[in-house]
Amino acid sequence: MTSVTAGTEIEEGPALKPPRPYNLTTTTILAIGSLVVLVPLYFILSMSLKKGLNSDAGAGFAFPFNPAFENYAQAWEMVNAPVAFTWSVVISAIAVVGNILIPSMFAWAVVRNWEHKLFRFSFIALLAGMFIPFVVLVLPQIKLMAWLGLANPWGVAILHIMFGLAFNSLMFSAYIRNLPVELEESAALDGATTFQIFRKVVFPLLTPMAATVGIFAFLGSWNDYMMPSLIIADVTQQTLPVVQASYRDALTLDINVAFASYALAMIPAIVGYLIGQRWIIAGVMRGAIK
């Protein structure tokens, strides 16, 4: 569409699309889904800040106007939280780094060498491991870690990386297929080595997917109870979920302290997810769209 003013022809841009109509059904479903998550979360935080009669039956959802922060201090000391918290952070940090670096390098090598049978076979064999039930691997992994002298938090971190390798490689490979190979070829012509191409060209482009994988790896490692309880032999090196379970009887003597203990373990995971949620959506959508 054009218009003429003072002998000059001016081209107008395309008409703007009208905003999407408000969908009451979709909004209602999302609101109900949010309440399913937010109501239990509020209940935990509310109970963790109450004391005595304020937490009696029927008062769980009442707002804690006089918060009892001493519940957190008591829970912190009762379950020896500093040591357990430290080991949980160490294991989760190693799991996050390993679940980002190893699968991303493997996926890049496979995608860029897909025409070679060895790379295709390696990728398919790795994905086949996803279909092996976890219960089948429990006893072998316990014996293997004990034989290697890794019946400790380091062994748990390694297992978290190994068990996430197949799925994370699949995620990275789908993402890397959308990256232009011309950038890597240009870097190679400039004399960059293979590792330099990955570190300076490819990996910075993987930031959204790396954040997505890192958040899921952190949540899975931080909340894991079964693997640390099976692998770690020294009770003084156990993670926070296992320590909380071992002090379950003591915590139930004071329900408010118990909820404070659960909140201590839950808050880091929630904060981590809130920080990285936009990267999760971007990474998944970018990897799904060709």
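Source: prediction; values computed, not measured.

Enquirer: Explain the overall build of the chain residue by residue, including any values.
Expert: Helix and strand counts for the chain stand at 13 helices and two strands. Expressed as a percentage of its 290 residues, the buried residues of the chain come to 36%. Total accessible area computed for the chain in this model is approximately 17600 Å², and 71% of it derives from carbon and sulfur atoms.

Enquirer: Give a description of the environment of Phe61 that names residues and reports values.
Expert: One can find Phe61 in the loop between helix H1 (24-48) and helix H2 (70-78). Taking the C-alpha atoms as reference points, Phe61 and Val39, 22 residues apart in sequence, are found 8.8 Å from one another.

Enquirer: How would you summarise the environment of Arg177 if you had to cite specific residues and measurements?
Expert: The residue Arg177 is located in the loop between helix H6 (153-176) and helix H7 (181-189) in this model. For the pair formed by Arg177 and Val111, sequence separation is 66 residues and the distance between their alpha carbons is 6.7 Å.

Enquirer: Account for the nonpolar core, with residues named and values stated.
Expert: In this structure, Trp108, Phe172, Ile176, Leu179, Val202, Leu206 and Met209 are the most contacted members of the largest nonpolar core, which totals 17 residues. Contributing elements (two or more residues each) for this core: helix H3 (81-112), H6, helix H8 (194-205) and helix H9 (207-222).

Enquirer: Before we move on, can you summarise the packing of aromatic side chains with the specific residues and values?
Expert: For the structure on display, the rule yields 11 aromatic pairs. With a centroid separation of 5.6 Å and 80 degrees between ring planes, the pair formed by Phe43 and Phe259 is classed as edge-to-face. With Phe43 in helix H1 and Phe259 in helix H13 (residues 255-288), this residue pair connects regions lying 216 residues apart in the sequence. Taken together, the ring pairs connect Trp76, Phe85, Phe218 and Trp222 into an aromatic cluster. When the ring centre of Trp114 is taken as origin, the NZ or CZ atom of Arg177, which lies over that ring, is 5.2 Å away.

Enquirer: So, the packing of H3 against H8: which residues are in play, and what are the values?
Expert: Between H3 and H8, the least distance of the axes is 12 Å, while the angle of their chain directions is 110 degrees. The pairing of H3 with H8 is recorded here as roughly perpendicular in orientation. Every residue of H8 that contacts H3 at Ile100, Leu101, Ser104, Met105 and Trp108 is listed here: Thr194, Ile197, Phe198, Val202 and Phe203. Class assignment of the residues belonging to the contact of H3 with H8 gives a composition of eight nonpolar, two polar and no charged.

Enquirer: Can you lay out the packing of helix H4 (residues 117-128) against H6 for me, pointing to particular residues and giving the numbers?
Expert: It is at 8 Å that the axes of H4 and H6 come closest, and there the two elements cross at 130 degrees. It follows from the interaxial angle that H4 and H6 lie oblique. Handedness of the H4/H6 crossing: left-handed. Between H4 and H6, the contacting residues are Phe123, Leu126 and Leu127 on the first element and Leu165, Ala166, Ser169, Leu170 and Ser173 on the second. Taken together, the residues of the contact of H4 with H6 break down into six nonpolar, two polar and no charged.

Enquirer: Explain empty space enclosed by the protein residue by residue, including any values.
Expert: Regions of empty space are outlined by a rolling probe, equal in size to a water molecule, passed over the atoms. According to the stated counting rule, one finds one cavity of 30 Å³ or more in the structure shown. Its volume calculated, the largest cavity comes out at about 30 Å³. Elements represented by at least two residues in the lining of the largest cavity include exactly H3, helix H11 (240-246) and H13. Within the lining of the largest cavity, the residues separate by chemical class into six nonpolar, two polar and no charged.

Enquirer: If you had to explain the layout of surface pockets to someone new, which residues and values would you point to?
Expert: Here the largest pocket defines a volume of roughly 660 Å³. For the largest pocket, the lining is made up of 27 residues, of which Leu159, His160, Met162, Phe163 and Gly164 are closest to its centre. Elements with a minimum of two residues in the lining of the largest pocket: helix H5 (134-147), H6 and H9. Broken down by element, the lining of the largest pocket gets its largest block of residues, nine residues, from H6. Looking at the lining of the largest pocket residue by residue, the classes come out as 18 nonpolar, eight polar and one charged.

Enquirer: How would you sum up H2? Please name residues and give values.
Expert: All of the buried residues along H2 are Asn71, Tyr72 and Ala75. Seen from one end, H2 has its buried residues packed into an arc of 95 degrees, which puts them on one side. Looking one or two places after H2, you find Asn80, whose phi comes out positive at around 55 degrees.

What counts and what doesn't
Residues numbered from 1 in each chain as written. Predicted model: local features only at pLDDT ≥ 70, side-chain atom pairs only at ≥ 80, totals over all residues. Heavy atoms only, no water. Helix = DSSP H or I, 4+ residues; strand = E, 2+ residues; numbered from the N terminus. Buried < 20%, exposed > 50% of the residue type's maximum accessible area, 1.4 Å probe, protein only. Areas by Shrake-Rupley, 256 points an atom, 1.4 Å probe, with all protein chains shown as cover. Core = buried A, V, L, I, M, F, W, Y, C linked by side-chain atoms within 4.5 Å. Phe/Tyr/Trp six-rings, centres within 6.5 Å; stacked < 30°, edge-to-face > 60°. Lys NZ or Arg CZ within 6 Å of the ring centre and 35° of its normal. Axes fitted to C-alpha atoms, helices over the stretch in contact; angles between N-to-C directions. Parallel < 35°, antiparallel > 145°, perpendicular 65-115°, else oblique. Contact = heavy atoms within 4.5 Å. Nonpolar A, V, L, I, M, F, W, Y, C, P; charged D, E, K, R; others polar. Left-handed = near helix turned anticlockwise from the far one by under 90°. 1 Å grid on protein atoms, 1.4 Å probe; cavity = no way out; pocket = protein on both sides within 12 Å on 5 of 7 lines; lining within 4 Å. Points joined across faces, edges and corners; volume = space filled by probe spheres on them. Arc of directions from axis to C-beta.

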